[in-house]
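Structural overview
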Amino acid sequence: MGRFIMIDGGDNVATALIGEKEGESVTIYFEEKRFEVMLKDTIAPGHKIAVRHILCGQQVIKYGYPIGTATEDILPGQHVHIHNVESTRGRGDKA
Amino acid sequence: MLLYGYPRENGTIGFRNHILVLPTVICAEKTARIMAEKAGVSIAHNFHGCGHIGEDYKIAKRTLEGIGKNPNVAAVLVVALGCEKIGGMELAQEISRSGKPVEVLAIQKDGGTASTIEKGVNILERWKSEIENIKRVPVGMENLLLGVKCGGSDTFSGIIANPVVGIAADKVVSMGGTVLLGEVTEFIGAEQCLVKRAANEEIAYQIKTMVNEYEKTMMSYGVDIRGTQPSLGNIEGGLTTIEEKSLGAIHKGGKSPIQEVILYGQKPSKRGLVIMDGPSQDVVCNTGMTASGAQIILFTTGLGTPVGSTIAPVVKITGTPETGIKMGCNMDYIVNGIIDGKNSIEKAGEELFNLMLEILNGKMLCCAEELGFDEFDFYRTSVNP
């Protein structure tokens with residue numbers, strides 16, 4: 001494995017296996033696909049970055065399935081977490 | 001043969017030889033605990049047993065009966081107060097249908113706590129010498145019910161530890177055994193992956209309905225699942241939403257077809273991968289799986305947890321290197337080498353399967369057993385009258 005893992009070819013995020021500093025350039029591979037990304041945030045192990053541009057309101061995809069909706073535009077290399085992604089399930093507060 | 005277990009009267013196989021003190025109600029728990037400690041045997045710390053009604057009563061009854069019938073248990077001493085909803089005599093009768101020795105004491109009838117404890121210790125001491133005569137015999141994998149569980153998850157649970165457990169689970173199923181996957185709350189967002197693997201239409205429908213019911217309950221209470229799923233620890237570990245957590249969580253069940261959906265604490269009627277209904281709280285889920293007859297639980301954890309079970313080994317697996325170091329005394333298997341490419345999920349799965357056999361065969365105890373962690377709690381549904 002590299003420094004980031006992308007689980008499915010359709011994913012728009014990758015997970016950091018080790019901690020990474022803002023400003024570093026990383027290459028993320030998925031089979032024949034290759035993503036060159038400049039880190040826009042410092043990323044802790046286990047946390048995610050965008051590998052593709054995700055627009056506000058678009059689905060965030062990991063394991064090939066939606067894991068939530070972007071609440072703002074997310075650029076490749078940006079940290080993807082609760083500050084810019086919202087769960088769409090079990091939302092009794094919106095019922 | 002790979003497995004060696006204790007044959008029980010009804011043909012089931014235990015991999016531990018516990019004598020269990022089973023209080024019917026919280027009011028009898030302390031008395032039961034004192035006698036269990038005096039005799040050095042196991043106890044199910046039941047802090048419920050009174051005021052159950054409707055579905056809640058059915059769950060409590062099924063759980064206590066199932067714990068008593070679990071093949072890891074050689075003999076059961078039921079300790080009642082005498083006036084509670086869960087009747088001691090009725091519970092003892094149901095457990096004794098399994099053929100194992102069962103006795104019952106009631107504090108209100110047996111002379112208060114002092115006399116009850118004395119009578120209890122006498123029974124337990126007699127059983128202790130009797131169970132020494134039960135010897136392990138070679139048995140097939142079809143006798144095994146393996147529970148799989150994750151708790152204190154982080155991202156590495158979903159991408160390392162759960163897939164490793166999934167390999168071991170698939171191996172158990174391929175050899176004729178049964179695997180129990182629970183935690184329906186953590187199917188939310190991943191149900192389409194499970195539905196695809198349902199052995200038939202009815203099971204597919206049951207999986208969808210079960211997940212919908214959980215989500216509908218949250219809607220009816222007007223609560224936002226984000227208040228608890230993912231937990232604060234999960235979020236710190238990199239998990240963003242319940243959907244992401246679920247998609248990682250289901251890997252621990254492996255890739256086998258789903259043969260049956262059972263109630264919390266119900267005994268499966270099919271072999272292969274089976275889903276148990278019920279929530280995901282660690283101790284509650286472990287208890288439900290042991291009530292369903294699980295003789296061992298493979299439990300993955302990212303942030304680390306010490307919890308065990310009073311009657312079954314709860315084997316801790318972590319894919320998070322830091323947790324392996326910080327909580328080494330509580331971790332049975334640390335999946336190393338995946339991040340730097342020196343190990344593979346498949347190889348680690350094989351290694352874990354072999355470790356599981358060693359623990360089942362009594363060659364070694366898991367950390368939770370060594371340290372005496374014996375948590376017990378079950379699922380409650382309705383209001384307390």
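The residue count restarts for each chain, going from 1 along the sequence in the order it is written. Lettering for chains starts from A, numbering for ligands starts from 1, and both go in the order in which the items are written. Residues qualify for local features only when their pLDDT is at least 70, as the model is predicted, and side-chain atom pairs are given and counted only at 80 or more; totals for whole chains, interfaces and linings, by contrast, use all residues. No hydrogens and no water enter the side-chain calculation; it runs on all heavy atoms of the structure.

A separate point is the confidence of the model for chain A. The pLDDT score gives, residue by residue, the confidence of the prediction method on a 0 to 100 scale. For chain A, per-residue confidence averages 92 on the pLDDT scale, and residues scoring 70 or more make up 97% of the total. Considering each helix and strand of chain A separately, the mean pLDDT is smallest for strand β1 (residues 4-5) of chain A, with a value of 92, and largest for strand β8 (residues 79-80) of chain A, with 98. In this description a helix means any DSSP run of H or I spanning at least four residues, a strand means any run of E spanning at least two, and both kinds are numbered starting from the N terminus.

Here we take up the interface of chain B and chain A. Contacts between residues were defined by any pair of non-hydrogen atoms, one from each residue, lying within 4.5 Å. Each partner contributes to the interface: chain B provides 35 residues, whereas chain A provides 31 residues. Joining two parts hides part of their accessible area as seen by a 1.4 Å probe, and the buried area is that hidden amount summed over both. Counting the surface lost from both chain B and chain A, the interface buries some 2,600 Å², and carbon and sulfur atoms represent 60% of this. Any carboxyl oxygen of Asp or Glu within 4 Å of a side-chain nitrogen of Lys or Arg constitutes a salt bridge here. The tally of links between chain B and chain A comes to 4 salt bridges. A salt bridge links glutamate 244 of chain B to lysine 48 of chain A; the nearest nitrogen and oxygen atoms lie 2.9 Å apart.

Looking now at the side chain of glutamate 215 of chain B. Here glutamate 215 of chain B is to be found in helix α7 (residues 201-221). With a 1.4 Å probe rolled over the protein chains alone, any residue whose accessible area is under 20% of its type maximum counts as buried; one over 50% counts as exposed, and the rest are partly exposed. Under the relative-accessibility criterion, glutamate 215 of chain B is labelled buried at 11%. Pairs of N or O atoms are called polar contacts if they sit within 3.5 Å, as long as, within protein, a hydrogen donor faces a hydrogen acceptor (for residues adjacent in sequence, only side-chain-to-side-chain pairs). Only 2.7 Å separates the side chain of glutamate 215 of chain B from the side chain of arginine 89 of chain A, close enough to count as a polar contact. When sequence neighbours within four positions are dropped, the list of residues in contact with glutamate 215 of chain B reads Arg89 and Gly90 of chain A together with Ile188 of chain B.

Attention now moves to the confidence of the model for chain B. For chain B, mean pLDDT is 95; residues scoring 70 or higher make up 99% of the total. Reported for the predicted complex are a pTM of 0.94 and an ipTM of 0.95.

Once that is clear, we can look at the pattern of salt bridges. Where charged atoms from two side chains of opposite charge come close, those side chains can pair. All names here are of chain B. Tallied over the full model, the rule gives 26 salt bridges over all chains. In this structure, the salt-bridge partner of glutamate 125 is lysine 128, at a minimum N-O distance of 3.5 Å. With glutamate 125 and lysine 128 both in helix α4 (residues 112-131) and 3 residues apart, this pair spans about one turn of that helix. Note on glutamate 125: relative accessible area 36%, which makes it partly exposed. Taken together, the shared-partner salt bridges in this structure form one network comprising Lys149, Glu183, Lys252 and Asp282.

Bringing the domain arrangement of chain B into the picture now. Residue and element names in this part refer to chain B. Where each domain begins and ends is defined by an automated method or by a domain database. Under the domain assignment used here, chain B contains domain 1 (18-131) and domain 2 (141-371). Between domain 1 and domain 2, the C-alpha centre-to-centre distance is 29 Å. Taken together, the contacts link 14 residues of domain 1 with 14 residues of domain 2. Here domain 1 packs against domain 2, burying approximately 1,100 Å² in sum over the two surfaces, 58% of which is carbon and sulfur. For the interface between domain 1 and domain 2, the tally reads 0 salt bridges. Applying the counting criterion to the domain 1 and domain 2 interface returns 6 residue pairs in polar contact (both at pLDDT 80 or more). Going through the elements one at a time, β3 (18-23), β4 (42-43) and α2 (55-69) are the ones with two or more residues in the side of domain 1 that touches domain 2. Ranked by the residues each element gives to the side of domain 1 that touches domain 2, the list is headed by α2, at 5 residues. Each residue gets one label: Ala, Val, Leu, Ile, Met, Phe, Trp, Tyr, Cys and Pro are nonpolar, Asp, Glu, Lys and Arg are charged, and the others, such as Gly, are polar. Among the residues forming the side of domain 1 that touches domain 2, the class breakdown is 7 nonpolar, 6 polar and 1 charged.

This part takes up the packing of aromatic side chains. Residues and elements named next belong to chain B. Stacked, edge-to-face and tilted labels apply to pairs of Phe, Tyr and Trp rings (six-membered ring for Trp) whose centres lie within 6.5 Å, assigned for plane angles under 30 degrees, over 60, and everything in between, in that order. Enumeration according to the criterion identifies 2 aromatic pairs over all chains in this entry. Between tyrosine 264 and tyrosine 379, the ring centres sit 5.3 Å apart and the planes meet at 70 degrees, which makes this aromatic pair edge-to-face. One end of the pair, tyrosine 264, is in the loop between β10 (258-262) and β11 (272-276); the other, tyrosine 379, is in the segment after α13 (367-371), and 115 residues separate them in sequence. Tyrosine 264 sits in the buried class, given a relative accessible area of 2%. Judged by relative accessible area, tyrosine 379 falls into the partly exposed class, the value being 21%. Their ring planes at 85 degrees and their centres at 6.1 Å tell us that phenylalanine 376 and phenylalanine 378 sit as a pair that is edge-to-face. Residue phenylalanine 376 is classed as buried on the basis of its relative accessible area, which comes to 6%. By the criterion adopted, a ring carries a charge over it if an Arg CZ or a Lys NZ lies within 6 Å of its centre and within 35 degrees of its normal. Looking at lysine 85, its charged tip hangs above the ring of tyrosine 57, at a distance of 4.6 Å from the centre. Taking the ring centre of phenylalanine 353 as reference, the NZ or CZ of lysine 171 above it sits at 4.9 Å.

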